[in-house]
Amino acid sequence: MQPLPNFQYLEPETIHEAAKLLMDSGTQSMVISGGTDMLPSMRQGIFSPDVVISLQAIPHLRDVEWDDTEGLKIGPLATLRSLETNAEILQHFPVIAEAAHAVGSPQLREMATVGGNICLDTRCYYYNQSENWQACDQECLKLGGETCKAAPSGRAKKCFAVFSADLAPVLVALDARITLLSARGERHVDLREFYTGDGAAPHVKAPDEILTSVLVPKQMAGIFGVYQKYRIRNSIDYPIAGVALTLRLNGPDKSAKKLVKDVCLVISGVASKPLVVKKIPPLLNGKALDDALIEEAALLAKKAALPLANTGGERAHRKQMIYEFTKKAFEQAINNGSQIS
Amino acid sequence: MDQITDRTTVNGKKSRSRVLEMSINGETHEITVKPRVMLLEAIRDKIGLTGTKDGCESGTCGACTVLVDGQPTLSCISLAVENEGKDIRTVEDLADGDNLNFLQEAFLDQGGTQCGFCTPGMLMSATALLEKNPKPTRDDINKALEGNLCRCTGYNSIVDSILQASDQGVKPRLL
């Protein structure tokens, strides 16, 4: 086994101590959570931190709690497996369990965490490669090169690496808010605003900040949610197209004409961030779903998806899958309509 | 702000070796490792238990699966230092001396091993499954083994092995 480069390993016992260490040890330090993405990337030389700070010894970071006034609080170190089986999540936000279950394999879910999923680095065929592979050609933009090799023109100055998390798009659709802590202080960020859309710097977390908490607001409890994922194999792989949908259908129980409220559609695996399809709420809110409307919504989602040939699957096919999954997600919402309000 | 202890000082960027007490298959092993050493390297190279296999080294193939506190975990992407004090079980824990356990016997009966490289990982994932669910359906088994790849593609006989081991009417094959 090719050994990893050496690093210093620190285990602070409080989150403030961790933040202080992270600031003191400078830009070449990283926080490790589950390590399922970070350690393989270190093996490939993509990350080479001098200092690795583990949060394992800090109590309560794995906790998942329901708070009657605020909502669901998820600790950053909660494993994806723990979300799949958590009673509060299954009661209030089953779609979170569904999305967590769609990630990787059983072993990966046992190790991978919510914090890691939210802060996941973007991926690309030209970026996630060994140093030997990288040495054969000019450097990719994200690794310090001049242009993005994935962009068809070959001259793009923007990185098009793909954001490939499954849970994050669902949390965006649920209006989740995260807390970032550094030695400079604490701030709250709407997850929707957390992602930049730039593959080279996918989120606004500063290098000295630690994600300390995820809050899914109480008002979202009971909303219908669904996550559809497309990948090469039906396990292990990252999504090459994903659709997260949340909405409420309001109306009398027996009525077929329930009206859409609070709809949000987020697509994943086809852009450098979980992409909120902004034209969906004005199209659907306050209307009753029918085939024509669903078709229109699916076409909007397909149009918003701009996959490049830098991850598995063919581009046109992935766009088509966004269309199909959007339709399927709305159909599921209608079929579940009798159980939701 | 809490006092930063000596243990966590950032002074000197050297990566110091540590002495870890690892609990592997019920025995405590004291090993000295750098923080960069993976659990897989510790198990194979430091402790000398080579049943656990080194496959893709990127958390994809499942050949390195061990049980950490009863949960299937990928030892190739888990640092040894993170696993100190946890109860780790490897494939060597299954047999009692030369006597294979019921699951290993079932793998033999069904031809559940071909080249055998994925087998330790398969056995550990299956062990975790059977401890939680003694009578898994074929579907449950497929789900539990999703993270273990068999490049010989002998999946059916592996699933049959687990059905036989859980005493669900699958008879040993005459090989």
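Predicted, not measured: the structure shown is a model, and the values here were computed from it.

Parameters and conventions
Residues numbered from 1 in each chain as written. Chains lettered and ligands numbered in written order. Predicted model: local features only at pLDDT ≥ 70, side-chain atom pairs only at ≥ 80, totals over all residues. Heavy atoms only, no water. Helix = DSSP H or I, 4+ residues; strand = E, 2+ residues; numbered from the N terminus. Buried < 20%, exposed > 50% of the residue type's maximum accessible area, 1.4 Å probe, protein only. Contact = heavy atoms within 4.5 Å. Areas by Shrake-Rupley, 256 points an atom, 1.4 Å probe, with all protein chains shown as cover. Lys, Arg positive; Asp, Glu negative; His and termini not counted. Charge placed at Lys NZ, Arg CZ, Asp CG, Glu CD. Disulfide = S-S within 2.5 Å. Domains from an automatic or database assignment. Buried area = accessible area lost by both parts, 1.4 Å probe. Salt bridge = Lys/Arg side-chain N within 4 Å of Asp/Glu carboxyl O. Polar contact = N/O pair within 3.5 Å; in protein donor to acceptor, adjacent residues only side chain to side chain. Nonpolar A, V, L, I, M, F, W, Y, C, P; charged D, E, K, R; others polar.

Trainee: Would you mind going over the overall build of chain B with me for this structure?
Mentor: Across its full length, chain B holds five helices and five strands. Listing the helices and strands of chain B from first to last along the sequence gives β-β-α-β-β-β-α-α-α-α. Overall, chain B is about 65 × 35 × 25 Å in size when its C-alpha atoms are taken along their principal axes. Looking at chain B residue by residue over its 175 residues, the buried ones come to 51%. The contacts of chain B with a sequence gap of at least 6 include a subset with a gap of at least 24, amounting to 55%. Just so you have it, chain B exposes about 8,300 Å², and 47% of that area is on carbon and sulfur atoms. Across chain B, the mean location of the 19 positive side-chain charges is 7 Å away from that of the 25 negative side-chain charges.

Trainee: How should the state of the cysteines be read in this particular structure?
Mentor: Here, the word disulfide means a covalent bond between the sulfur atoms of two cysteines. Per the counting criterion, the structure on display carries zero disulfides over all chains. The thiol of A:Cys124 is unpaired, and the distance to the nearest cysteine sulfur, on A:Cys148, comes to 6.0 Å. Note on B:Cys56: no disulfide assigned, nearest cysteine sulfur contributed by B:Cys61 at a separation of 3.8 Å.

Trainee: Explain the domain arrangement of chain B here, please?
Mentor: Quite often, the size of an interface is put as the accessible area lost when its parts meet. All names here are of chain B. Domain parsing of chain B yields domain 1 (16–93) and domain 2 (102–165). One C-alpha centre belongs to domain 1, the other to domain 2, and the line joining them spans 21 Å. Facing 17 residues of domain 1, the contacting portion of domain 2 comprises 14 residues. The contact between domain 1 and domain 2 buries some 1,200 Å² in all, and 63% of this surface belongs to carbon and sulfur atoms. Taken together, the connections running from domain 1 to domain 2 amount to one salt bridge. The shortest N-O distance in the salt bridge between Glu131 and Arg89 comes to 2.9 Å. If you look at where domain 1 meets domain 2, you find four residue pairs in polar contact (both at pLDDT 80 or more). Of all the secondary structure elements, the ones that give two or more residues to the side of domain 1 that touches domain 2 are strand S3 (65–68) and strand S4 (71–74). With three residues, S3 is the single largest residue contributor to the side of domain 1 that touches domain 2. Across the side of domain 1 that touches domain 2, the residue classes tally to six nonpolar, eight polar and three charged.

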